[in-house]
Amino acid sequence: MFELLTDRLNKVFKFLSSKGRLEEKDIDDALRQVRLAFLEADVNFKVVKDFTAKVKERAVGANILEGLNPAQQIIKIVNEELIATLGGGQSKLVSATHPPSVIIMVGLQGSGKTTTAAKLAYHLKHSGQRPLLVAADNHRPAAIEQLVTLGQQNELPVYAESPSVTSKDICTHSLERAREIAATWVIVDTAGRLQIDEYMMAELAEVKKVLNPNEILLVVDAMTGQEAVNVALEFHNKVNLTGLVLTKMDGDARGGAALSIRWVSGVPIKFIGMGEKVSAFEPFYPDRLASRILGMGDVLTFIEKVEKNIDQQRAKELEKKVRSASFNLEDFMNQLKEIRKMGPLGQLIEMLPGVSKLSRKIVDGNEEARMKKIEAIIQSMTPAERQRPEIINGSRRRRISQGSGTTLQDLNQFLNQFQQMKKLMKAGMSGKLPKNMMQGFKGL
Ligand SMILES: Nc1nc2c(ncn2[C@@H]2O[C@H](COP(=O)(O)OP(=O)(O)O)[C@@H](O)[C@H]2O)c(=O)[nH]1
Ligand SMILES: [Mg+2]
């Protein structure tokens, strides 16, 4: 659903990455592209305006985070604002203190109410709950049959009566059944309409009175774009929704509904439907959708790891050392440890955008073994040798290689490369440390 948007956003990020430093003008350029991409994806214009204003404000005043280049900083901000627009954290179902908890499904005809009711029951059953489905859509006999069939296919209990019984009575009776079978959740499928009308709302109000629900979930078809947003606003005005379910997220719509509906209506998205099968249903996680939209799950994980693992203060000290060329093997060893905390080197390298080609050359699965070897070599050195590697002469080399269980060739190669790396660093490979470290590993 978000391919087009993802494509457009990635172009913007590529443009940013091509710049070493970001001037305000570059940020403006980039945000203009982001705005266009969003509008093209049918995102509500108010959402777009608010979103870009927030990103701009933060991008201009951004604290430069060690380990991230300017483009990555912007990606980080865009990601965070996207998550906020989508609702921040996960919004879970609210349950009753005394079971059963009751959920009323509402929505227009064809939005996916009946299917979603079954999906939700299936989901709850697989989380160890005992759901009861209630066929309260008595306007079309086919709707009752549809739910009964879905229940049979998936071994989910369904409470149904003849279509001549009022939905209010069906609901009253269903609560008795729920008690009989000790159901923990009651999921009520109600009648939809082609449009919102007084009659439907009056019926909903009655059903609501009988059921005293914990949740009123509006099911909306994500394929209908901004129309879905309007439907959500109207329903919310009339019945006070507690959550939204977006269906047909597997379709090829542009994604505008998903990106606008929470912001515009203020109602949290609780689940998404991704297909016709009962299992094609997931709790909604704003952060996961955001990274899917950005098409950069891996980069975001990388950014997270850098944030978690790089000690800001130490990174600064190290940078100073690198600049003054006093970077020694002791520092190298510490840096090695820092990187290893972040996970297997191969994986880390592959997370970096644009490095994939390079990584095929560097990463052959042996980096862990090489890093261990290097650690062993450095550990076999005396403090003086670590601080001033230039004193390591022939006899010292023999002792170190024997002590570390490596060959003289390994040791010589490592020392040469360390010297080269130091030269490179001094030559002002500016950038941030992890990148420099990677450079240093090339060919090791
Ligand atoms: N592709 C896809 N189809 C869905 C999804 N949810 C529902 N549908 C289909 O949408 C149609 C209408 O669904 P239904 O549950 O009968 O809608 P209702 O009128 O609101 O009860 C059916 O053909 C469903 O199979 C979804 O997440 N993805
Ligand atoms: Mg239905």
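Summarised in this report is the structure supplied together with it. Residue numbers restart at each chain and count upward from 1, following the sequence in its written direction. To read the labels, note that chains go from A and ligands from 1, taken in the order they are written. Totals for whole chains, interfaces and linings use all residues, but because this is a predicted model, local features are given only for residues with pLDDT of at least 70 and pairs of side-chain atoms are given and counted only at 80 or more. Note that water and hydrogens are dropped before the side-chain values are worked out from all heavy atoms of the structure.

## Quick word on the overall build of the protein
Formally: The secondary structure listing takes helices from DSSP runs of H or I that are at least 4 residues long and strands from runs of E that are at least 2 residues long, numbered from the N terminus. Exposure categories follow from relative accessible area, calculated using a 1.4 Å probe and restricted to protein chains: below 20% of the type maximum is buried, above 50% is exposed, and the middle band is partly exposed. Any two residues having at least one pair of non-hydrogen atoms within 4.5 Å are treated as being in contact. Areas reported here follow the Shrake-Rupley algorithm with a probe of radius 1.4 Å; residue values treat only the protein chains shown as occluding.
Per the secondary structure count, the protein includes 21 helices and eight strands. Looking at the 444 residues of the protein, the share that counts as buried comes to 51%. Long-range pairs, those at least 24 residues apart, make up 75% of the contacts in the protein with a sequence separation of at least 6. When the accessible surface of the protein is split by element, carbon and sulfur atoms take 49% of a total near 21,500 Å².

## Here's the deal with the side chain of Ser404
Put simply, the rule reads: For this analysis, a polar contact is any N or O atom pair within 3.5 Å, provided that within protein one partner can donate a hydrogen and the other can accept it, and provided that sequence-adjacent residues contribute only side-chain to side-chain pairs.
On the secondary structure map, Ser404 appears in helix 19 (residues 394-404). Among the residues examined, Ser404 registers a relative accessible area of 14% and is labelled buried. Only 3.4 Å separates the side chain of Ser404 from the backbone oxygen of Ser401, close enough to count as a polar contact. At a separation of 2.8 Å, a polar atom in the side chain of Ser404 contacts the side chain of Thr406. Residues in contact with Ser404, not counting those within four places in the same chain, are Ala376, Ile377 and Ser380.

## A few points about the sheet that holds strand 4 (residues 185-189)
Convention followed: Strand pairing is defined by DSSP finding a minimum of two bridges between the two strands. Only the stretch in contact is used when fitting a helix axis, every axis being a line fitted to C-alpha atoms; angles between N-to-C directions are given from 0 to 180 degrees.
Spatial ordering of the open sheet is given by 3-2-4-1-5-6-7-8, a layout of eight strands whose pairing is mixed. Of all the strands in the sheet, the pair left with one neighbour each is strand 3 (158-159) and strand 8 (281-283). Relative to strand 6 (residues 243-247), strand 5 (residues 215-221) is paired through five bridges, and the arrangement is parallel. Looking at strand 6, one finds that Val219 is bridged to Val245. The strands touched by helix 8 (residues 198-211) are strand 1 (101-106), strand 4 and strand 5; relative to strand 1, the strand with the most contacts, the crossing angle is about 170 degrees. Helix 10 (residues 256-265) contacts strand 5, strand 6 and strand 7 (269-273) of the sheet and is inclined by roughly 165 degrees relative to strand 6.

## A few points about the packing of helix 1 (residues 3-17) against helix 2 (residues 24-40)
Packed helix pairs are specified by the crossing angle of their axes together with the interaxial distance, meaning the distance between the axes. The criterion, for reference: Should an angle lie under 35 degrees it is considered roughly parallel, over 145 roughly antiparallel, and from 65 to 115 roughly perpendicular; all remaining angles are considered oblique.
It is at 9 Å that the axes of helix 1 and helix 2 come closest, and there the two elements cross at 175 degrees. One finds that helix 1 runs roughly antiparallel with respect to helix 2. Touching Leu4, Leu5, Arg8, Leu9, Val12, Phe15 and Leu16 of helix 1 are Asp26, Asp29, Ala30, Gln33, Val34, Leu36, Ala37, Phe38 and Glu40, all from helix 2.

## As for the environment of Asp189
Within the fold, Asp189 resides in strand 4. Leaving out residues up to four positions away in the same chain, Asp189 has contacts with Lys113, Thr114, Ala117, Val134, Ala135, Ala136, Asp137 and Leu147.

## Points about the environment of Ser174
Looking at where Ser174 falls in the secondary structure, it is placed in helix 7 (residues 167-180). Along the chain, Ser174 and Leu133 lie 41 residues apart, while their C-alpha atoms are 8.8 Å from each other. With sequence-adjacent residues up to four places away left out, Ser174 is seen in contact with Leu132, Val134 and Tyr159.

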